Amino acid sequence: MRLQGDMESTDDELDQSVFENKNGLADDMAFLASMPELCDVTFLVGDTREPVCAVKAVLAARSRVFHKMLYQPPSPQRKKEVIPKETTKLRRPTFLKRSSEPLLNVKNANTQTQSNQHQTVIVDEFEPDVFRQLIEYIHTGCVTLQPRTLLGVLNAADYYGLEDLRKACTGFVQCCINVDTVCALLSSAERYIQYKCTKSLVQKVLEFVDEHGNEVLNLGSFALLPLHVVRLILSRDELKADEFTKFQAALMWTMKYGDTNSNVDWKEVFVENFMSSIQYHKIPANVLMNEVEPLKLVPYEVIMTSLAYQADPSCVDPDKLKRALRMGNYHGLMGISSTIGTVTTERTMSMQSSGTHHGSSSTISSIGSSDLVGSDKT
């Protein structure tokens, strides 16, 4: 602001005052985007084809990708293409011309002029909540970032060339990863795994999981993660979690899976997907016999071989034990050995006392040196 009494000012200079009301402008633009009759483009988003309205001029001014999409006419070759409606997934949103009515009427779309057309764009790449946040940001310059949709908004910002929003999402990642949000972030990664921004974010999330393994595996939301994500986490060498916690997390996931898929034997799912992810020889003997063995989920040979290792680590090679678990060769576990020697009576009796309560003493006592110890012929 320049004051009239300023002796340094010249006659050509006028008093000036800058007034800003950006909040009011943002509110008005948000209102504009919320009124279909004031918009000239409708996006049908996701599998449910949820409508999201916008103003083409605003989109084009803020994003070169939208400008090219909405204002560049399709090539003649594309006009001749017939795309099956139900089977085609569009990599880049394309548009269908229609009349200027508020909602869809695409039958006579080709008769409309460029000046008064209302366009309809099908967007399969992003979820409705994510795309709605993107449109909100484009119109108002403001959006509330949240872990549930963060990965989608991050990839949408990159996809449509909104660099400032992409940087904001990347910065938010650093402070939003915690025990309460980690599973939501991993779940959303499943939807956007094909995008380049997903890889870096998922790596940060997995590093957090590695450092807080026991806390994350005990979350109820862990049982809602996709199967391959759970397998990835439980098989990571960097994961700082005790083996019994890993076992309980896998058990919780498979039981939840069985509840939602009644035609599936959840025990078979556990054996097929998680058996080799647990190092049973690192679970204390009393826990193996009191908590794991009664479930009849882990093969008896695995339990016995794990107890043998705890009695005398030299009689079992844990690397071969792990390979046998991956191959499902449970009956060959009892012959796995790394050195030639004998299991001492004292250690065998120690194993017996661990299993007496569960009626396993007779079987354990029958384990001889020929079973646990000897040359490696396999």
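What you see is a predicted model; the values in this text were computed from it and never measured. (Residues numbered from 1 in each chain as written. Predicted model: local features only at pLDDT ≥ 70, side-chain atom pairs only at ≥ 80, totals over all residues. Heavy atoms only, no water.)

## A short note on the pairing of strand β2 (residues 50-54)
Then, number 1: As paired strands, strand β1 (residues 41-45) and β2 are joined by 5 bridges and run antiparallel to one another. From the neighbouring strand, V41 faces β2, where its bridge partner is A54. (Pairing = 2+ DSSP bridges. Helix = DSSP H or I, 4+ residues; strand = E, 2+ residues; numbered from the N terminus.)

## Regarding the nonpolar core
Then, number 1: F43, F66, F131, F222, I233, F247 and Y280 are the most contacted members of the largest nonpolar core, which has 88 residues in total.
Then, number 2: Beyond its immediate chain neighbours, meaning those up to four positions away, F222 contacts C183, V216, L217, V230, I233, A249, M252 and W253. (Core = buried A, V, L, I, M, F, W, Y, C linked by side-chain atoms within 4.5 Å. Buried < 20%, exposed > 50% of the residue type's maximum accessible area, 1.4 Å probe, protein only. Contact = heavy atoms within 4.5 Å.)

## Concerning helix α13 (residues 266-274)
Then, number 1: Regarding α13, the residues found buried are V269, F270, N273 and F274. Here the buried residues of α13 occupy an arc of 100 degrees about the axis, which is enough to place them on one side. In α13, those exposed residues whose orientation departs by more than 90 degrees from the buried face are E268 and E272.
Then, number 2: Of the surrounding elements, those touching the buried residues of α13 are α11 (227-234) and α12 (243-260). (Arc of directions from axis to C-beta.)

## Focus: the confidence of the model for the protein chain
Then, number 1: Summing up the model confidence of the protein chain, the mean pLDDT is 75 and the portion of residues at 70 or higher is 69%.
Then, number 2: Averaged pLDDT values for the elements of the protein chain fall to 33 in helix α18 (residues 361-365) and rise to 95 in helix α10 (residues 213-217).
Then, number 3: In this model, residues 79-115 is a region of pLDDT below 50 whose contacts with residues beyond four sequence positions or in other chains number 61 contacts. (pLDDT = per-residue confidence, 0-100.)

## A few points about the packing of aromatic side chains
Then, number 1: What the rule picks out here adds up to 17 aromatic pairs.
Then, number 2: Relative to Y160, the ring of F131 lies with its centre 6.1 Å away and its plane at 70 degrees, an arrangement referred to as edge-to-face. Remark: Y160 occurs in the loop between α6 (147-159) and α7 (163-176) and F131 occurs in helix α5 (residues 128-140); sequence separation between them is 29 residues.
Then, number 3: Looking at Y160, the relative accessible area reads 0%, which means it is buried.
Then, number 4: An aromatic cluster of at least three residues, connected via ring pairs, comprises F43, F66, F126, F131, Y159, Y160, Y192 and Y195.
Then, number 5: The ring of Y71 carries the charged tip of K56 above its face, separated from the ring centre by 5.4 Å.
Then, number 6: Over the face of the ring belonging to Y137 we find R62, whose NZ or CZ atom lies 5.1 Å from the ring centre. (Phe/Tyr/Trp six-rings, centres within 6.5 Å; stacked < 30°, edge-to-face > 60°. Lys NZ or Arg CZ within 6 Å of the ring centre and 35° of its normal.)

## Description of the packing of helix α8 (residues 182-191) against helix α9 (residues 196-211)
Then, number 1: At a closest axis distance of 10 Å, the pairing of α8 and α9 adopts a crossing angle of 145 degrees. Crossing geometry of α8 relative to α9 is assigned as left-handed. Contacts from V182, L185, L186 and A189 of α8 reach α9 at T198, V202, V205, L206, F208 and V209.
Then, number 2: For the contact of α8 with α9, the residue count by class is 9 nonpolar, 1 polar and no charged. (Axes fitted to C-alpha atoms, helices over the stretch in contact; angles between N-to-C directions. Left-handed = near helix turned anticlockwise from the far one by under 90°. Nonpolar A, V, L, I, M, F, W, Y, C, P; charged D, E, K, R; others polar.)

## Digging into unusual backbone geometry
The general pattern is negative phi for most residues beyond glycine and trans for most peptide bonds.
Then, number 1: Backbone geometry places R49, a non-glycine residue, at a positive phi of 55 degrees.
Then, number 2: Taking relative accessible area as the criterion, R49 reaches 28% and is therefore assigned partly exposed.

## Focus on the pairing of strand β4 (residues 118-123)
Then, number 1: By the criterion of burial, β4 is predominantly enclosed, with 6 of the 6 residues buried.
Then, number 2: Neither face of β4 is open: one carries H118, T120 and I122, the other Q119, V121 and V123, and all of them are buried.
Then, number 3: As judged from the 5 bridges shared by β1 and β4, these two strands associate in the parallel manner. Counterpart to T42 in the pairing with β4 is T120.

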